[in-house]
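Residues per chain, in single letters:
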Amino acid sequence: MIITVASFKGGVGKSTTAIHLAAFFAKKGKTVLIDGDLNRSALDWAQRGKAPFQVIDETDLDQMGEVKHTVIDTPARPSDADLTALARSSDLLVIPTMTDAFSIVAMVKTVNVLTSLPKGRYKILLTVCPPAPSKEAEKARNALTEVGLPLFKTNVSRLAAFQKSALEGVPVYQVKDARSQQAWADYAAVGKEIWDGRSK
Ligand SMILES: Nc1ncnc2c1ncn2[C@@H]1O[C@H](COP(=O)(O)OP(=O)(O)OP(=O)(O)O)[C@@H](O)[C@H]1O
Ligand SMILES: [Mg+2]
């Protein structure tokens, strides 16, 4: 499968999502994460620790051997044309968004660019969701569902374990933190939604 993670807004968890979806798919078959962002966050991350999959620079695609699954991390604010092209060349475009009003408005702009795509080609992921008693994630989900946007069933919670994972260069399930397994369970559930929904 080819999965691309993209959004117009920066800092919404694209790289974190790309890394953890690659970690999920690495358990299914040989997986490569292509870092298509000039910040090279995923490459830096992999150099800090030990990734269970290969991370390569988008300019070094010749180094990519035979792989089963490809996850592509992208820079924020792609052009409309780039976003559409990315979506067309992927099995699925994952669009992470935080749940605050500004992020949701930016995300809806992203999605409006994609209306020409076949249904099921992109899916919105609510990330960095504040814990209860906050109702923010629930409100965002209700509002997006009401306007008929395709959403993952799973929300990714806001957990410090993800920041530790970024610092240590390992997937969140390897982080020493009381909530590291809870953090991994979120992305594992997102990965499972993708896996179960793939065209066979
Ligand atoms: N679920 C989460 N809970 C807590 N912190 C998170 C979560 N997801 C991401 N973060 C943190 O938020 C910050 C931004 O995440 P990330 O780098 O994945 O976003 P991005 O969309 O790739 O940003 P950019 O647009 O700069 O590439 C990082 O410090 C990351 O560790
Ligand atoms: Mg990033």
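Here the residue numbering is sequential within each chain, running from 1 through the sequence in written order. All chains are assigned letters beginning with A, and all ligands numbers beginning with 1, in the order in which they are written. Given that this is a predicted model, residues contribute local features only at a pLDDT of at least 70 and side-chain atom pairs are listed and counted only at 80 or more, while totals for whole chains, interfaces and linings are drawn from all residues.

1. Quick word on the packing of helix α1 (residues 14-26) against helix α7 (residues 180-197)
Relative orientation and spacing of two packed helices are given, respectively, by the angle between their axes and the distance between those axes. Note the cut-off: Throughout, an axis means a line fitted to C-alpha atoms (over the contacting stretch in the case of helices), and angles, computed between N-to-C directions, take values from 0 to 180 degrees. Numbered from the N terminus, helices here are DSSP runs of H or I no shorter than four residues, and strands are runs of E no shorter than two. With respect to orientation, any angle under 35 degrees is reported as roughly parallel, any angle over 145 as roughly antiparallel, any angle of 65 to 115 as roughly perpendicular, and every other angle as oblique. Helix crossings get a hand from a simple test, with the near helix turned counterclockwise from the far one by less than a right angle marking a left-handed crossing and a clockwise turn marking a right-handed one. For the purpose of contact definition, each residue receives a C-beta atom placed from its backbone, and two residues are in contact when these atoms lie within 7 Å. Under the convention adopted here, Pro, Cys and the residues Ala, Val, Leu, Ile, Met, Phe, Trp and Tyr are nonpolar, Asp, Glu, Lys and Arg are charged, and Gly plus all remaining residues are polar.
Where α1 contacts α7, the two axes come as close as 9 Å, and the packing angle between them is 65°. Between α1 and α7, the angle falls in the class roughly perpendicular. α7 is crossed by α1, and the crossing has right-handed handedness. Contacts between α1 and α7 pair His20, Leu21, Phe24 and Phe25 from the former with Tyr187, Ala188, Val190 and Gly191 from the latter. Residues of the contact of α1 with α7, tallied by class, amount to 6 nonpolar, 2 polar and no charged.

2. As for the sheet that holds strand β3 (residues 54-57)
Convention followed: The pairing criterion for strands is at least two bridges between them, as found by DSSP.
Within the open sheet, the 6 strands sit side by side as β3-β2-β4-β1-β5-β6. Their pairing is parallel. For this open sheet the edge positions go to β3 and β6 (122-126), each flanked by a neighbour on one side alone. The mean angle between the axes of side-by-side strands here comes to 25°, regardless of whether they run parallel or antiparallel. Examined bridge by bridge, strand β5 (residues 92-97) and β6 share 5 bridges and lie parallel to one another. Bridging from a neighbouring strand, leucine 93 pairs with tyrosine 122 of β6. Packed on one face of the sheet, α1 meets β1 (2-5), β2 (31-35), β4 (69-73), β5 and β6 and runs near 170° to β4.

3. Digging into the confidence of the model for the protein chain
Should the pLDDT be low somewhere, the predicted coordinates at that spot are not to be read in detail. The cut-off we apply is this: The score called pLDDT rates the predictor's confidence residue by residue, from a low of 0 to a high of 100.
For the protein chain, per-residue confidence averages 94 on the pLDDT scale, and residues scoring 70 or more make up 100% of the total. α1 holds the highest mean pLDDT among the elements of the protein chain, 98, whereas helix α4 (residues 101-112) holds the lowest, 89.

4. Focus on the packing of α1 against helix α2 (residues 41-48)
Where α1 meets α2, the axes come as close as 10 Å, and the angle between the chain directions of the two elements is 55°. With respect to each other, α1 and α2 are oriented oblique. Where α1 crosses over α2, the two elements pack in a sense that is right-handed. From α1, Ser15, Ala18 and Ile19 reach across to α2, where they touch Ser41, Ala42 and Trp45. Its residues assigned to classes, the contact of α1 with α2 shows 4 nonpolar, 2 polar and no charged.

5. Looking at the environment of leucine 126
Selection criterion: Whether a residue is buried, exposed or partly exposed is read from the other C-beta atoms within 10 Å of its own C-beta, which are placed from the backbone; 20 or more gives buried, 12 or fewer gives exposed, and intermediate counts give partly exposed.
Within the fold, leucine 126 resides in strand β6. Since 25 C-beta atoms lie within 10 Å of it, leucine 126 is described here as buried. Residues leucine 126 and lysine 153 lie 27 residues apart in sequence; the distance between their C-alpha atoms is 9.2 Å. Not counting residues up to four positions away in its chain, the partners in contact with leucine 126 are Thr97, Thr99, Ala137, Ala140, Arg141, Asn155 and Val156.

6. Brief notes about α1
Along an α-helix, a turn takes 3.6 residues, which lines up residues three or four apart on a common side. Applied cut-off: Between the first and last residue of a helix there are one fewer steps than residues, each counted as 1.5 Å, and that sum is the expected span.
Helix length check: α1 (13 residues) gives 18 Å between terminal C-alpha atoms against 18 Å at 1.5 Å per residue, within 8%. Counting buried residues in α1 gives 13 out of 13 residues, a clear majority hidden from the surface.

7. Thoughts on the site of ligand 1
Under the convention used in this document: Defining nearness, a residue is near a molecule or strand when the C-beta atom obtained from its backbone falls within 6 Å of it.
Within the structure, ligand 1 sits among 19 residues, and Gly10, Lys14, Ser15, Thr16 and Ala76 are positioned closest to it. The set of elements that each furnish at least two residues to the shell around ligand 1 consists of α1 and α6 (160-168). When the residues that make up the shell around ligand 1 are grouped by side-chain class, the tally is 7 nonpolar, 9 polar and 3 charged.

8. Digging into the nonpolar core
The line we're drawing: The nonpolar core is taken to be a set of buried Ala, Val, Leu, Ile, Met, Phe, Trp, Tyr and Cys residues joined by way of C-beta atoms within 7 Å.
In terms of nonpolar packing, the biggest core is built from 54 residues, with Leu21, Ala22, Leu33 and Ile95 touching the most fellow members. With 8 residues, α1 is the single largest residue contributor to this core. Other than its neighbours up to four places away in sequence, leucine 33 contacts Ala18, Ile19, Ala22, Ala42, Phe53, Val55, Val71 and Asp73.

9. Description of the pairing of β4
For β4, a buried count of 5 out of 5 residues is recorded, marking the element as mostly surrounded by other parts of the structure. Judged by which residues are buried, β4 turns out to be covered on both faces: His69, Val71 and Asp73 on one side and Thr70 and Ile72 on the other are all buried. Here β1 pairs with β4 via 4 bridges, running parallel. Bridge assignment links isoleucine 2 to a residue of β4, and that residue is threonine 70. As defined by bridge partners, β2 adjoins β4 across 5 bridges and the pair is classed as parallel. If you follow aspartate 35 over to β4, its bridge partner there is aspartate 73.

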